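# Structural description and commentary
Listed here are the chains, written in short residue letters.
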Amino acid sequence: MSDLDGFRAEVRAWLEEHAPISLRGRPGDIFHGHWGGRRGGFESPDHERWLRLMVERGWTAPTWPTEYGGGGLSRAQDAVLQSELRRLRLPPPLIGFGLVMIGPTLLEYGTEAQKREHLPPIIRGEIRWCQGYSEPGSGSDLASLQMRAEKNGDGYVLNGQKIWTSYADESDWIFCLVRTDPAAKKQSGISFVLVDMDQPGVTTRPIKLISGASPFCEVFFDDVKALARDVVGGENNGWTVAKALLRHERTMVGEVFARSVMGAEAELLGLAREALGPAEGTLADPLLRDRIVQSAMDERAFMLTIQRIQDAAKTGQPPGTESSILKVYGTELNQRRRELAVTLAGADGLGWEGESYASGHLALTRDWLRSRGNTIEGGTSEIQLNIIAKHVLGLPDGGAR
Amino acid sequence: MKLALNEDQRLIKDSAAAVWKDRGAVERLRKLRDAGDATGFSRALWDELAGLGWLGLPFPEELGGVGLGVTELCLVLEEAGKTLAPEPLLATTLLAGSALLLGDSDAARTTWLPRISAGEVIATVAWQERARRDEPLSCAAVARSAGDGRVSLHGAKREVLVGAQAELIVVVARDEASGQLGLYAVPGDAEGLTATPLVRVDAFPCARIDLDGVVVASDARIGGAELLATVLDRAGIGLAAEALGGMSAAFEMTLGWLRERRQFGVPIGSFQALQHRAARLYIDIELCRSVVMAAARTADQPGVPAAALAQVASLALARTTDTFLRVVDEAVQMHGGVGMTDEHDVGFYLKRARVVAATFGDAAWHRDRWARLAGY
Ligand SMILES: Cc1cc2nc3c(=O)[nH]c(=O)nc-3n(C[C@H](O)[C@H](O)[C@H](O)COP(=O)(O)OP(=O)(O)OC[C@H]3O[C@@H](n4cnc5c(N)ncnc54)[C@H](O)[C@@H]3O)c2cc1C
């Protein structure tokens, strides 16, 4: 029995014994689960127990070092743990931007003191984080950001505004890009700073999305204080850190969409049969049938590409350029699927709310609308294509546009 | 199933790249075409491929092969595809070779596979009668009892790869009595068999085959409809690998041009309209690479169910045929006027992509089959 097999047996036995029965068969994903934080309530006592159990083993952040409370697992062991969680179809005990964005970035760029202060509360689900990058005048051209941080004694005073900040109204801390040297050129005057949102001068105002939900906010900073020790990567060196975090974010987004596209064929086929009939045999509408096949094939090709990237990494090959395609393709794939789903549903896919529509159909409408943001958030598709063209294909800069 | 190359596979790929490239890439096909060469490929190179063991890559060692699989052969085909090499590796080793390897006849296997591996025999399968692939397969060619346990074959086949040069042609015909499809191993010089070369747009060797009472022994039958399905799927996966090579080369050529060609005082590759189109082609090519790798590995899984093989073959062909066509259309467009000239190599890829798409069924056909296999 190899070490990994032994580990699998141990994990399986432990999960069988401890994982709450009520949560088995209720898988979540990176956007559906317990977000933690000072304000985060639990869906049920079992959800709370599940988090506590996993925190004890460090398995909310399985690959992070044990000295900060992480699980200290290798990537291979983590893969085993994840597959055992999937086997029982258990939800992740904890999700959030602490785990997938700021945590990995601190591990890479944080000082020892920053890691000791910020990683344990993330792992234990005590502090929820949000991402303060975009501003009203600075989206794709992020480095043009204007929010100011002025030196004041042992810290900084922050003034300005962030926008599109997902879950700002439910978060405890925000990682912000701020301008610390207005005289320097664009990228060079930026710092990456961690800010406690529980203080005077921080105001969040939710913004309603076309899908009806209000997951993101405007955040206003009016003489807000930040400590010098909460600058990551050094003053005026924030751009490097910001880009590293974006890499973690895009990897995460790619993986999310990989998982969310799984089972597209079955979902679409179910909707098609419901709307078009017959129950058996060829679908009545050949064009819609062809679109379902395309969706299914796109999904398979995408999943295989993710597997190829992972397999190459496992054999120790240097990371190839393929991962740059995941964000663009994964998000567009999800959009096509959501679009096809409402198309297949016909008038059933038009409901906004009310008892006259089945809840599953109402979700179709909302999911379709929300999916339009996939190619904008985390860097637009156009920006990703720019990156591929320049950094992967080596095409020259600076042409007439 | 691991979607990564091991050390041996990497070596095969590298040496395949070197072998084809050393020959002068598209230049070689151009010369053969312009000379109206009757063979249509290089016999000398064919001997060299035999020496490298590639003609018998997926055959067991006791039959003169190397004992590897479709996965390794696909690496060679991909590199061949980059240079549009017309050597009939796909027809010989993957079409006819698979029919013999997986067929019912031990005698046929032991007679032909060592000779194929040694480069002594060019082989192919004659299966197509209609312009478009159909299902069930149209087959008017018949196998008629000719007494003494022999059968005679009657009918006509089109688009037979390397049909005029092949020393062995596996002919698909319907048993007149039972109505069952059969695959019959027929020597290329059999009496009553006429091969008429077809001059196609890609300049690869191909022929029409007429069978006018070709008499063979009854043990020439090596299998039926199931064997044919497997053979076409294995070869389809090989063709997808070749297409992957072709699209990669046409894309590389285009990237080179985007960096080099200047207009408005700057390289045309700095125009964002072209950059984004190039980036999208890159994405689609990478997706093709994943499905080709997965399909080849599926073909190598022992006892893989026919439906599973058909599904990945359709996935691979649907994606690669469409993407190859899109890449070459864009390649010509981004080259501008020079892309329309016969003197430029890019047009050869355009023509090859069209042939590839119509060889084992186009993308629409494969999507339809995918749905049928999935029951909708
Ligand atoms: C659902 C959602 C959640 C989000 N969550 C967060 C968050 O938590 N934190 C945060 O900081 N931000 C968040 N964002 C903001 C997001 O990162 C930005 O919206 C995004 O980067 C685009 O910026 P913009 O909206 O200013 O659009 P713009 O940059 O103004 O872009 C407008 C259009 O112009 C195109 N464009 C811009 N520049 C170029 C170029 N060089 N070449 C070609 N085309 C170009 C864009 O692709 C786009 O189509 C979120 C956005 C959404 C939709």
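Keep in mind that what you see is a predicted model, and the values were worked out from it rather than measured. One numbering rule holds for all chains: residues counted from 1, following each sequence as written. Starting at A for chains and at 1 for ligands, labels are handed out in the order in which the entities are written. For a predicted model such as this one, the threshold for reporting local features is a pLDDT of at least 70, and the threshold for listing and counting side-chain atom pairs is 80 or more; totals across whole chains, interfaces and linings nevertheless cover every residue. No hydrogens and no water enter the side-chain calculation; it runs on all heavy atoms of the structure.

## Regarding the nonpolar core
Within the largest apolar cluster, 166 residues are counted, with the highest numbers of intra-cluster contacts made by Ile292(A), Leu95(B), Leu153(B), Val186(B), Ile237(B), Phe251(B) and Phe360(B). Here a helix means four or more residues in a row that DSSP labels H or I, a strand means two or more in a row labelled E, and each is numbered from the N terminus. The element contributing the most residues to this core is helix α7 (residues 225-260) of chain B, with 18 residues. Any two residues whose heavy atoms approach within 4.5 Å at even a single point are treated as in contact. Setting aside residues up to four positions removed in sequence, Val186(B) forms contacts with Leu153(B), Glu167(B), Leu168(B), Ile169(B), Val171(B), Leu193(B), Val214(B) and Val216(B). Residues grouped as a nonpolar core are buried Ala, Val, Leu, Ile, Met, Phe, Trp, Tyr and Cys residues, joined through side-chain atoms within 4.5 Å. Three exposure classes are used, based on accessible area relative to the maximum for each residue type with a 1.4 Å probe and protein chains only: buried under 20%, partly exposed in between, and exposed over 50%. Among the nonpolar cores identified, the runner-up in size contains 38 residues, and Leu145(A), Phe175(A), Val232(A) and Val241(A) belong to it.

## Remarks on the site of the ligand
Residues are labelled near a given molecule or strand when at least one of their non-hydrogen atoms is within 4 Å of it. Surveying the vicinity of the ligand reveals 18 residues, the closest of which are Ser134(A), Ser140(A), Trp164(A), Thr380(A) and Glu382(A). Close to the ligand, residues of chains A and B are found. Distance and chemistry together define a polar contact, namely a pair of N or O atoms within 3.5 Å, with one atom able to donate a hydrogen and the other to accept it when in protein, and with adjacent residues in sequence counting only for side-chain atoms on both sides. The contact in question runs from an oxygen atom of the ligand to an N or O atom on the backbone of Tyr133(A), over 3.0 Å. At 2.9 Å from a nitrogen atom of the ligand is found a main-chain nitrogen or oxygen belonging to Trp164(A). Surface accessibility in these figures is a Shrake-Rupley result with a 1.4 Å probe; residues are shielded only by whichever protein chains are displayed. Calculation on the ligand without its partners gives an accessible area of 970 Å², and the protein chains cover 68% of this total. Any residue outside Ala, Val, Leu, Ile, Met, Phe, Trp, Tyr, Cys, Pro, Asp, Glu, Lys and Arg is labelled polar, Gly included; the first ten of those are nonpolar and the last four are charged. A per-class count over the shell around the ligand returns five nonpolar, ten polar and three charged. What counts as a domain boundary in this text is fixed by an automatic or database domain assignment. Counting only domains with at least three residues in the shell around the ligand, you end up with domain 2 (129-236) and domain 3 (241-392) of chain A.

## Notes on the state of the cysteines
Residue and element names in this part refer to chain B. Put simply, a disulfide is two cysteine sulfurs that come within 2.5 Å. If you walk through the whole model with that rule in mind, you get zero disulfides over all chains. Just so you know, Cys-206 is unpaired, no disulfide at all, and the nearest cysteine sulfur is the one on Cys-139, 17 Å from it. Note on Cys-288: no disulfide assigned, nearest cysteine sulfur contributed by Cys-74 at a separation of 13 Å.

## What to know about the domain arrangement of chain A
Residues and elements named next belong to chain A. Entries for chain A in the domain assignment read domain 1 (3-124), domain 2 (129-236) and domain 3 (241-392). Taken together, the contact pairs 15 residues of domain 1 with 20 residues of domain 2. Salt bridges, as used here, are contacts in which a Lys or Arg side-chain nitrogen is within 4 Å of a carboxyl oxygen on Asp or Glu. Across the contact surface, domain 1 and domain 2 share three salt bridges. We note a salt bridge from Arg-229 to Glu-117, for which the minimum N-O separation is 3.2 Å. At the boundary of domain 1 and domain 2, one finds seven residue pairs in polar contact (both at pLDDT 80 or more). Of all the elements in the fold, those that place two or more residues in the side of domain 1 that touches domain 2 are α4 (97-109) and α5 (112-123). Ranked by residues supplied to the side of domain 1 that touches domain 2, first place goes to α4 with six residues. In the side of domain 1 that touches domain 2, the residues fall into seven nonpolar, five polar and three charged.

## Brief notes about the environment of Val291(B)
By the secondary structure assignment, Val291(B) is in helix α8 (residues 272-299). Measuring from C-alpha to C-alpha, the distance between Val291(B) and His335(B) comes to 28 Å, with 44 residues separating the pair along the chain. With residues up to four places along the chain from it excluded, the contact list for Val291(B) reads Ala301(A), Leu304(A), Leu315(B), Ala316(B) and Arg319(B).

## Overview of the interface of chain B and chain A
Listed by partner, the interface residues are 46 residues for chain B and 48 residues for chain A. Note on terms: buried area is the combined drop in 1.4 Å-probe accessible area of two parts once they are placed together, counting the loss on both. Between chain B and chain A the total buried area reaches about 3900 Å² when both faces are included, carbon and sulfur atoms providing 61% of it. Three residues stand out in chain B for area buried against chain A, namely Tyr282(B), Arg367(B) and Tyr376(B), and they jointly supply 20% of the buried area on that side. With a shortest N-O distance of 2.9 Å, Glu332(A) and Arg280(B) are connected by a salt bridge.

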